[in-house]
Structures are given as structure tokens and as C-alpha cells.
Amino acid sequence: MTAYFKKQMDKESNRRIAADISAYGKEVIDSELFRKAFAQKHHTNTTVGEHTLNVTAAALRMCYALEKTGLRLDRRAVTIGALCHDLGIIGRYEKFENNRVCCRLHPIDSVRISRKLVPEIDHKTEEIIRCHMWPLNGWMPTSAEGYLITVADKYSSIRELLYRPALPLLRHETAGMILGALVCGAVG
Ligand SMILES: [Fe+2]
Ligand SMILES: [Fe+2]
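What counts, and at which threshold
- Residues numbered from 1 in each chain as written.
- Chains lettered and ligands numbered in written order.
- Predicted model: local features only at pLDDT ≥ 70, side-chain atom pairs only at ≥ 80, totals over all residues.
- Helix = DSSP H or I, 4+ residues; strand = E, 2+ residues; numbered from the N terminus.
- Buried ≥ 20, exposed ≤ 12 C-beta atoms within 10 Å, placed from the backbone.
- Contact = placed C-beta atoms within 7 Å.
- Axes fitted to C-alpha atoms, helices over the stretch in contact; angles between N-to-C directions.
- Parallel < 35°, antiparallel > 145°, perpendicular 65-115°, else oblique.
- Left-handed = near helix turned anticlockwise from the far one by under 90°.
- Expected span 1.5 Å × (residues − 1).

Caption draft 1: Structural detail: the overall build of the protein. Within the protein, the regular secondary structure consists of eleven helices and two strands. Seen in sequence order, the protein has helices and strands lined up from the N terminus as α-α-α-α-β-β-α-α-α-α-α-α-α. Taking all 188 residues of the protein together, 39% fall into the buried category. Counting only contacts in the protein whose residues sit at least 6 apart along the sequence, the fraction spanning at least 24 positions is 64%.

Caption draft 2: Structural detail: the packing of helix H5 (residues 48-67) against helix H6 (residues 75-84). Contact geometry for H5 and H6: axes closest at 8 Å, N-to-C directions at 160 degrees. Looking at the two axes, H5 sits roughly antiparallel to H6. Of the two elements, H5 crosses H6, and the hand of that crossing is right-handed. In this structure, H5 contributes Thr52, Val55, Thr56, Ala59, Leu60 and Cys63 to the contact, and H6 contributes Arg75, Val78, Thr79, Ala82 and Leu83.

Caption draft 3: Summary view of the environment of Val118. Its place among the elements puts Val118 in the loop between helix H8 (99-117) and helix H9 (123-130). Accessibility expressed as a C-beta count within 10 Å gives 21 for Val118, which makes it buried. For the pair Val118 and Cys84, spaced 34 residues apart in sequence, the C-alpha to C-alpha distance is 9.7 Å. With sequence-adjacent residues up to four places away left out, Val118 is seen in contact with Glu27, Val28 and Ile80.

Caption draft 4: Focus on the environment of Leu136. Looking at the element boundaries, Leu136 is found in the loop between H9 and helix H10 (144-162). Spatially, the C-alpha atom of Leu136 lies 8.1 Å from that of Cys103, the residues being 33 residues apart in sequence.

Caption draft 5: A look at H10. Look at H10: 27 Å from first C-alpha to last across 19 residues, which is about the 27 Å you get at 1.5 Å a residue. Listed in full, the buried residues belonging to H10 are Glu145, Gly146, Leu148, Ile149, Thr150, Ala152, Asp153, Ser156 and Glu160. For H10, the secondary structure elements touched by its buried residues are strand E2 (46-47), H5, H6 and H9.

Here is the structure:
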């Protein structure tokens, strides 16, 4: 493990994110399709895989903050929902005729894929994935966790689109840190 990843893993919140991904999302991150997500560009400056990890990290950070207020959230549903929400985008240029169709239909394909990767997936998690584009495609989230993912997705997308190497504060270090840690086996 590089010194950089070691330093990141010393941060308690990052360690928690990596542990939750490892506990709830192993079937997804170990899949061949998830590896493919790092080969397709998304939001100009990142890949589908990096975006996915950014959304997952942002959503889990929101969970930790909200849980401090006494709110109980389904972290398993949040983690799997975030990891699967955009997997339907992989192969978009072969699958969808244009960006508008992709925007409308990729959540449905993400649900189909998530059922294959996580056979025991529950209805709540499927709804989180199906409705993650709200309000852009009209399907309204049906749970607090669903709204949380829509916010984490928009927040991460804006950060990714604004990314410039000259603006170090907007770097996407979280995704690289978590992936590096998981690959290096820093978390169980
Ligand atoms: Fe999406
Ligand atoms: Fe997304």
C-alpha cells in the first residue's frame, strides 16, 4: 500500500466507508462488471466506477451525520443502492440511441443488473436504484435512503463536472483511496 493510501486509511471516516462497502457491497465490487465500470468515462473527468465510489462515499458520510441526530437509516440499502445505481450506464453507446433515452432508461437496466449481482436484493434497494435520477425522470424516491442517494448523486456529479487539476480541493481522492484500500486488502 502506498504512503498516500496508508494516510487516508488512518482517517476514521474513510475507514468506516471502506468497512461498510466491504460488509454490504462485496458481491458488487468483486464482480467483473464493476471492474468494467472503471473503463468507461462519465461526467467528462471521471469513470463510471470512480463516480460510483464518489456517490457511495458521499451517501455513507451523509448517513453517519444523520445517524448522529438519532435517525435510523438502512446502510446496507444505501451502500448497495449507491454501488449499483449507474451500472446500467455501462455500454450506453451500444444500448441506448441517445443521451435522453440513456437518462430515462439506465436506472431500469441498473435494477436488472443489481438483481443478478445481489440475488437477495430487497424491494427498497431496487426502488433506490430505479428512482435515483429524480427529479430528472419523474420517478420519485419511496424512502429516506432513496432521497439521500439522489442528493449524493447530484452532489458528486457536480463536483466531478467542475473538476480541474488546478483546483486541488475538488479532487476525487475518496474514490481512489477506497478502491486502493480494497484492492490492497486494507479492510476485511
Ligand atoms: Fe444515473
Ligand atoms: Fe450517478
